[in-house]
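Architecture and fold: a report
As a plain string of letters, each chain reads:
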Amino acid sequence: MLSHLLHLEGIESVVLESRSRAYVRERVRAGVLEQGVVELMRETGIGDRVSRQGIRMRGIDFRFGGEPHLVEFSAASGGRYAMVWPQHELVEDLANARLAAGGEIVYESPVASLEGLEAKPVIHHGKNQLQCDFVAGCDGFHGICRGAIPRSVLKEHDHPFPFGWLGVLAEAPPAWPDITWGCHPGEFAMMSMRTPTMTRLYLQCPPDDDAANWSDDRIWSELHQRLELPDGTTLNEGRIVQKGVAAMRSYVAEPMRYGRLFLAGDAAHIVPPTGAKGLNSAMADVRVLARALAEHYKRGNDALLEQYSDTALRRMWLVERFATWLCTNVHRFPDTDAFTRRLQLAELQYMAGTETGRRSFAENFTGLPVEV
Ligand code: PHB
């Protein structure tokens, strides 16, 4: 997205992607877009498919206390929305737009090292070197860019959770129209979707669990137990085509800049997946960065580049707050006592059962402004 935005400002960039195009195209990952991301896609000419094939979310159906509690975004927040549009489809929209515009994406090109970040950056990738004015470190939590910032400069905040999610992709139509969260006293589960025929499901599990411990029978039996209601409506089962365990953490590295290196997205911060904020936060970062780079090239003004880290982090800490709060209140912790469990339930009741709570949830879920 950064490369696409820069192109629209007349600024040249090269995208170095460590994986193959096929891998990026097929790997199912996040799926929810904030309203602002959908609008950005439309404004920048890559919104056709999301408009035609994306699924507009009505809200989220929280199940606790044996009942459904639907938080409807539009009603709660004056017309706001979020969309289900799979990340790999968004990446495909972007890759197609970049390639059609003559942009350069170098696939299967892992970066070996970075140098000269203070003044004249050089990126070593494969047998090649790339000299550039700026490096955007959009290479994820395990990428090389954050590690290129001296340890004396970087402050890390790390907050791991004592559980993870087993993510499951099934060939089955979603059983309910709304993304559904099972927040019963046991462990958490979620039914989401990727397309009208593909259900995306999550089950809370130990952080170091192995997907091999989860047979298809066990997956369905746990999902039925954790998600269903006494009225007997039931999940649709289907062939499981993908399953994997992800541990959870909240993590922020500050500052998001060192010399001519600017970090964006997971390279600088991680959220637990509960709030669907990973992709959306990366998008917010690169919008700020694209504008700052445009100011640099068009007007020779570096004020926005100087402020980039502060601007991006101000929003990001609000997103960390939301994602961490949600994650803390919908999961069962190994050591949850009865008092804490009642407080978790009270948090859910306030969120879904009061106008203020619904509004706050809907505003955060559908996306805070890029600059807060
Ligand atoms: C997902 O479909 O991956 C998803 C949906 C809603 C969330 C988190 C993840 O809150």
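Our structure's up above, just so we're on the same page.
Let me sum up the structure you'll find in this document. (Residues numbered from 1 in each chain as written. Predicted model: local features only at pLDDT ≥ 70, side-chain atom pairs only at ≥ 80, totals over all residues. Heavy atoms only, no water.)

1. Description of the pattern of salt bridges
Inspection of every chain in the model, using the stated rule, returns 19 salt bridges. Asp178 is paired through a salt bridge with Arg58; the nearest N and O atoms lie 2.5 Å apart. Note that Asp178 is positioned in the loop between β12 (155-171) and β13 (179-182) and Arg58 in the loop between β3 (55-57) and β4 (59-64), a separation of 120 residues in sequence. According to the relative accessible area criterion, Asp178 is buried, its value standing at 6%. Residues Asp61 and Arg63 are paired through a salt bridge, measuring 3.1 Å at the closest nitrogen-oxygen approach. (Salt bridge = Lys/Arg side-chain N within 4 Å of Asp/Glu carboxyl O. Helix = DSSP H or I, 4+ residues; strand = E, 2+ residues; numbered from the N terminus. Buried < 20%, exposed > 50% of the residue type's maximum accessible area, 1.4 Å probe, protein only.)

2. A word on the sheet that holds strand β2 (residues 32-34)
Reading across from one edge, β2-β6-β3 is the order of the three strands in this open sheet, with antiparallel pairing throughout. Across the chains shown, the open sheet's two edge strands, defined by having one partner strand only, are β2 and β3. Averaged over all neighbouring strand pairs, the angle between strand axes comes to 35 degrees, with direction disregarded. Two elements, β3 and strand β6 (residues 82-84), share three bridges in a ladder whose sense is antiparallel. Within β6, the position partnered with Arg56 by the bridge is Met83. Contacts from helix α3 (residues 35-43) reach β2 and β6, with the element oriented near 80 degrees to β2. (Pairing = 2+ DSSP bridges. Axes fitted to C-alpha atoms, helices over the stretch in contact; angles between N-to-C directions. Contact = heavy atoms within 4.5 Å.)

3. Here's the deal with the site of the ligand
In the vicinity of the ligand, the contacting residues are Val32, Ile179, Trp181, Met190, Ser192, Arg194, Tyr202, Pro273, Thr274, Ala276 and Phe365. Within the side chain of Arg194, one N or O atom sits 2.8 Å away from an oxygen atom of the ligand. One of the backbone N or O atoms of Thr274 is found 2.6 Å from an oxygen atom in the ligand. Protein contact buries 97% of the 280 Å² of open area that the ligand shows by itself. Counting residues per element, the shell around the ligand draws most heavily on strand β14 (residues 189-195), at three residues. (Near = heavy atom within 4 Å. Polar contact = N/O pair within 3.5 Å; in protein donor to acceptor, adjacent residues only side chain to side chain. Areas by Shrake-Rupley, 256 points an atom, 1.4 Å probe, with all protein chains shown as cover.)

4. What about the sheet that holds strand β18 (residues 261-263)?
As summarised here, the arrangement of the three strands in space is β11-β18-β17, forming an open sheet in which the pairing is mixed. Two strands in the sheet have a free side with no partner beyond their single neighbour: β11 (135-137) and β17 (257-258). Here two bridges tie β17 to β18, and the two strands are oriented antiparallel to one another. Paired with Arg257 across the strands is Phe262, a residue of β18.

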